[in-house]
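In case you want the letters, here they are:
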Amino acid sequence: MPRIVVDVMPKPEILDPQGKAIVGALPRLGFDAFSGVRQGKRFELTVEGEVTEAVLEQARSAAATLLSNPVIEDVVNVEVVAD
């Protein structure tokens, strides 16, 4: 069954305490190549049948109205992933 993947990230101007905690922990664990982390959300929507443009538009609409908080988050990606 095909899936639609939706990625949501905090807006750049919004503080990201989880990302800040992760970036602080990375060097302590030996990962010193990274200078920043932003933590987001990933949703996988399973589709029965074919992913048409209408289904993809429903996913975009759901991402903008339900899966993200448009005040503090941006939908950065909506794509079809085949199994």
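As annotated in an unreviewed UniProt entry, the protein chain is Phosphoribosylformylglycinamidine synthase subunit PurS from Arthrobacter halodurans. Entered under Subcellular location (unreviewed entry) in the UniProt record, the comment concerning the protein chain runs "Cytoplasm". Under the UniProt heading Subunit (unreviewed entry), the note attached to the protein chain is "Part of the FGAM synthase complex composed of 1 PurL, 1 PurQ and 2 PurS subunits."

Turning our attention to the nonpolar core. Inside soluble globular proteins, nonpolar side chains tend to come together where they are buried. Membership of the largest hydrophobic core is limited to 9 residues, which are Ile-4, Val-6, Val-8, Val-47, Leu-56, Ala-59, Ala-63, Leu-67 and Val-78. Sorting the residues of this core by element identifies strand 1 (3-10) and helix 2 (53-67) as the ones contributing at least two each. Broken down by element, this core gets its largest block of residues, 4 residues, from helix 2. Sequence-distant contacts of Leu-56, defined by excluding residues within four places in its chain, comprise Ile-4, Val-51, Val-78 and Val-80.

The next thing to look at is the pattern of salt bridges. Under the defined criterion, the tally for this structure stands at 6 salt bridges. Arg-42 is paired through a salt bridge with Glu-44; the nearest N and O atoms lie 3.0 Å apart. Take Glu-44: its relative accessible area is 42%, and that puts it in the partly exposed class. A salt bridge links Arg-60 to Glu-57; the shortest N-O distance between them is 3.5 Å. With Arg-60 and Glu-57 both in helix 2, this residue pair falls 3 residues apart, about one helical turn. Glu-57 gets classed as partly exposed once you look at its relative accessible area, which sits at 42%. Salt bridges sharing common partners tie together Arg-3, Arg-42 and Glu-44.

What follows concerns the environment of Gln-18. Of note, Gln-18 is situated in helix 1 (residues 17-28). Sequence separation between Gln-18 and Val-37 is 19 residues, and the spatial gap between their C-alpha atoms is 8.5 Å.

For helix 2, the complete set of buried residues consists of Leu-56, Ala-59, Ala-63 and Leu-67. Buried-residue contacts for helix 2 involve strand 1, strand 2 (41-46) and strand 3 (73-81).

Taken in spatial order, the 3 strands make up an open sheet running 2-1-3, and their pairing is antiparallel. The sheet is open, and its two borders are formed by strand 2 and strand 3, each paired with just one other strand. The average undirected angle you get between the axes of adjacent strands in this sheet is 20°. As paired strands, strand 1 and strand 3 are joined by 8 bridges and run antiparallel to one another. Pairing of Val-8 across the sheet is with Val-75, part of strand 3. Where helix 2 meets the sheet, its contacts fall on strand 1, strand 2 and strand 3, and the angle it forms with strand 3 comes to roughly 155°.

The rules behind these values
Residues numbered from 1 in each chain as written. Predicted model: local features only at pLDDT ≥ 70, side-chain atom pairs only at ≥ 80, totals over all residues. Heavy atoms only, no water. UniProt positions renumbered as here; feature names shortened; annotations may be inferred. Core = buried A, V, L, I, M, F, W, Y, C linked by side-chain atoms within 4.5 Å. Buried < 20%, exposed > 50% of the residue type's maximum accessible area, 1.4 Å probe, protein only. Helix = DSSP H or I, 4+ residues; strand = E, 2+ residues; numbered from the N terminus. Contact = heavy atoms within 4.5 Å. Salt bridge = Lys/Arg side-chain N within 4 Å of Asp/Glu carboxyl O. Pairing = 2+ DSSP bridges. Axes fitted to C-alpha atoms, helices over the stretch in contact; angles between N-to-C directions.

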